[in-house]
Amino acid sequence: MPHSQASLESLQKALSMELSASQQYLLHAHVLDDWGLGKLAGKMREEMQEELGHAGQFIDRILFLGGTPEMVPAKKPVKADSLKQMFEIDRADEAEAIEVYTKAAKAAYDASDIGSRVLLETITMDEEGHWGWLDQQLDLLDRLGEPVFMQTYLADSAAQA
């Protein structure tokens, strides 16, 4: 199948972003465990798995188009010092992914690469869901204050202690 170099470049960039996101969520999960917020750590692990799934989809598409996936994260994870910082880091990353994937989907469409367009649009919708959840967490954190917010996500063992 003929491929578009632009599509391959877009898919590679998306793969690198997903690898970064999965590492970021993994770091957050461990930090949250350390803070005693086991339930929120579990949510971050779910997000990590979803991002790894996205990475796998991008790998499959790159291979289908005859490219060679490069397993290089776009950036290093950042350890957050607060819940607010954690959610803001992730929300900014999700916003960037939405922007990049939306532009890449349009470019794929313009190149008559419908398979890449559909994949990018589908994953963009997932990222919008992540962004919305993070935005909601920031709003709740602001409304409730950190101590009340944190009680929602305490690990079961910490809540019983």
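What counts as what
Residues numbered from 1 in each chain as written. Predicted model: local features only at pLDDT ≥ 70, side-chain atom pairs only at ≥ 80, totals over all residues. Heavy atoms only, no water. 1 Å grid on protein atoms, 1.4 Å probe; cavity = no way out; pocket = protein on both sides within 12 Å on 5 of 7 lines; lining within 4 Å. Points joined across faces, edges and corners; volume = space filled by probe spheres on them. Helix = DSSP H or I, 4+ residues; strand = E, 2+ residues; numbered from the N terminus. Nonpolar A, V, L, I, M, F, W, Y, C, P; charged D, E, K, R; others polar. Expected span 1.5 Å × (residues − 1). Core = buried A, V, L, I, M, F, W, Y, C linked by side-chain atoms within 4.5 Å. Buried < 20%, exposed > 50% of the residue type's maximum accessible area, 1.4 Å probe, protein only. Contact = heavy atoms within 4.5 Å. Polar contact = N/O pair within 3.5 Å; in protein donor to acceptor, adjacent residues only side chain to side chain. Phe/Tyr/Trp six-rings, centres within 6.5 Å; stacked < 30°, edge-to-face > 60°.

Caption draft 1: Region of interest: the layout of surface pockets. Its boundaries defined by the atoms lining it, the largest pocket holds a volume of some 240 Å³. Forming the boundary of the largest pocket are 20 residues, of which Met17, Ser20, Ala21, Lys75 and Asp93 lie nearest the centre. At the level of elements, α1 (5-34) and α3 (83-110) are the ones that each hand at least two residues to the lining of the largest pocket. The element contributing the most residues to the lining of the largest pocket is α1, with eight residues. Per-class residue counts for the lining of the largest pocket are seven nonpolar, three polar and 10 charged.

Caption draft 2: Looking closely at α3. Its 28 residues place the ends of α3 41 Å apart at the C-alpha level, agreeing with the 40 Å of an ideal helix rising 1.5 Å per residue. Remark: Ser112 follows α3 within two positions and exhibits a positive phi of approximately 60°.

Caption draft 3: The arrangement of the nonpolar core in detail. One finds Leu32, Leu40, Met44, Leu83, Phe87 and Trp133 to be the most contacted residues of the largest nonpolar core, which totals 20 residues. Of all the elements in the fold, those that place two or more residues in this core are α1, α2 (38-64), α3 and α4 (114-144). Aside from chain neighbours lying at most four places away, what touches Leu32 is Leu37, Gly38, Leu40, Ala41, Met44, Leu83 and Met86. Counting 19 residues, the second-largest nonpolar core is a separate cluster that includes Ala55, Leu65, Val100 and Ala104.

Caption draft 4: Just the side chain of Ser4, in detail. For Ser4, the location among the structural elements is in the segment before α1. Classification of Ser4 as buried rests on a relative accessible area of 17%. Within the local environment of Ser4, its side chain forms a polar contact with the backbone nitrogen of Ala6, the two atoms lying 3.2 Å apart.

Caption draft 5: Highlighting the packing of aromatic side chains. Evaluated as defined, the whole model comprises four aromatic pairs. Each ring, one from Phe58 and one from Tyr101, has its centre 5.6 Å from the other, and the planes form 70°; the classification is edge-to-face. Here Phe58, found in helix α2, pairs with Tyr101, found in helix α3; they are 43 residues apart in sequence, far enough to count as distant. Taking relative accessible area as the criterion, Phe58 reaches 0% and is therefore assigned buried.

The values are spatial; any link to function lies outside them.
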